[in-house]
Amino acid sequence: MSCTHTVALGAYLLGALDPAERSAFEVHLRTCAVCRRELVRLAPLPGLLAQVDVDDLDVPFDDPAPAPELLPLPPPRPETTRSAEPSARRRGLVLAGVGVLVVALVAVGVLVLAPRDRDPVRLSAADSGTGVTATADLVAKEWGTELWLTVQNAPKGKRCKLVVHDRAGRAEIGGWWGTDHPEDARIPGSTSFPVDQIERLDVVVDMQVLVSVRP
Ligand SMILES: [Zn+2]
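A quick note: this is a predicted structure, and the numbers were derived from the prediction, not measured.

Draft legend 1. Molecular detail of the pattern of salt bridges. Across all of its chains, the model carries 11 salt bridges by this definition. One salt bridge connects Asp137 with Arg122, and the closest N-O pair in it is separated by 2.7 Å. You can see Asp137 sitting in strand β2 (residues 133–141) and its partner Arg122 sitting in strand β1 (residues 121–126), a full 15 residues away along the chain. In this structure Asp137 comes out as buried when scored by relative accessible area, which is 9%. Between Asp202 and Arg200 there is a salt bridge; the shortest N-O distance is 3.1 Å. Each of Glu199, Arg200, Asp202 and Arg214 takes part in one network of salt bridges that share partners.

Right, here's the structure in full:
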C-alpha cells in the first residue's frame, strides 16, 4: 500500500512546506492511513516531534485500518459529568500522541544503543613557516576515506588543493576549494585510500605545501 503524497512528509516534519501546502497536507493526513503510518515512522527525533502538533493533525482514532505502531484504544468509559464524545476524542488524540512518543523514544534508544560507525580519526597540524593550521576528520568508508577539513590562515583569493599520500607512496587529489571561506568552514574531500593507509595530507596552494597533516 502506498500513497504519492508520502514524499511530502519529510518536508512537512521539517516545517519546510508553505502554509497552503501545509494545511492541504494536513487535510490529506486525516484521510490517509498510509501517510499517518509513515508520519509515525518518520517522527523518531524529538526535535522533529516537537514540531508536530498532534491536536493540529486531528488524527482520527477510529481509523478502520489503524497503524500497528499506534497504541490500541481502550473502550470509551461512560462519562458522568461531561459529554462522552469530546472527551473520548480528546483521549484518542492524547493516546495517538503517546503512541508517537513511544515510537520516538524506542527509535532514539535504538539510535543511541546501536553500535556506532567507526568514529572519525581527527588529525591536526600547524606549520610554523606558513602559519597555516589544519584539522582533518577522516571517516572510514567502503570506498575509501571521507575527509572533512578546516583550514586557518591560508592566503585569501587562492585555489587550494588537498593531496593525499598513502603509505605505498601513491598520491591522490582529495579535493579543490577556494580559500575565501570562513575560518571554521568544513571542507569536504575524499580519497580511495583507507584511513589506516593514509600517510599524510598536504594542503597545497600554487605548488607550495601550506601545511602537512599526519597521523
Ligand atoms: Zn497519503
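Draft legend 2. Structural context of helix α3 (residues 33–42). The buried fraction of α3 is high, at eight of 10 residues. Taken together, the buried positions of α3 are occupied by Ala33, Val34, Cys35, Arg36, Arg37, Glu38, Leu39 and Val40.

What counts as what
Residues numbered from 1 in each chain as written. Predicted model: local features only at pLDDT ≥ 70, side-chain atom pairs only at ≥ 80, totals over all residues. Heavy atoms only, no water. Salt bridge = Lys/Arg side-chain N within 4 Å of Asp/Glu carboxyl O. Helix = DSSP H or I, 4+ residues; strand = E, 2+ residues; numbered from the N terminus. Buried < 20%, exposed > 50% of the residue type's maximum accessible area, 1.4 Å probe, protein only.

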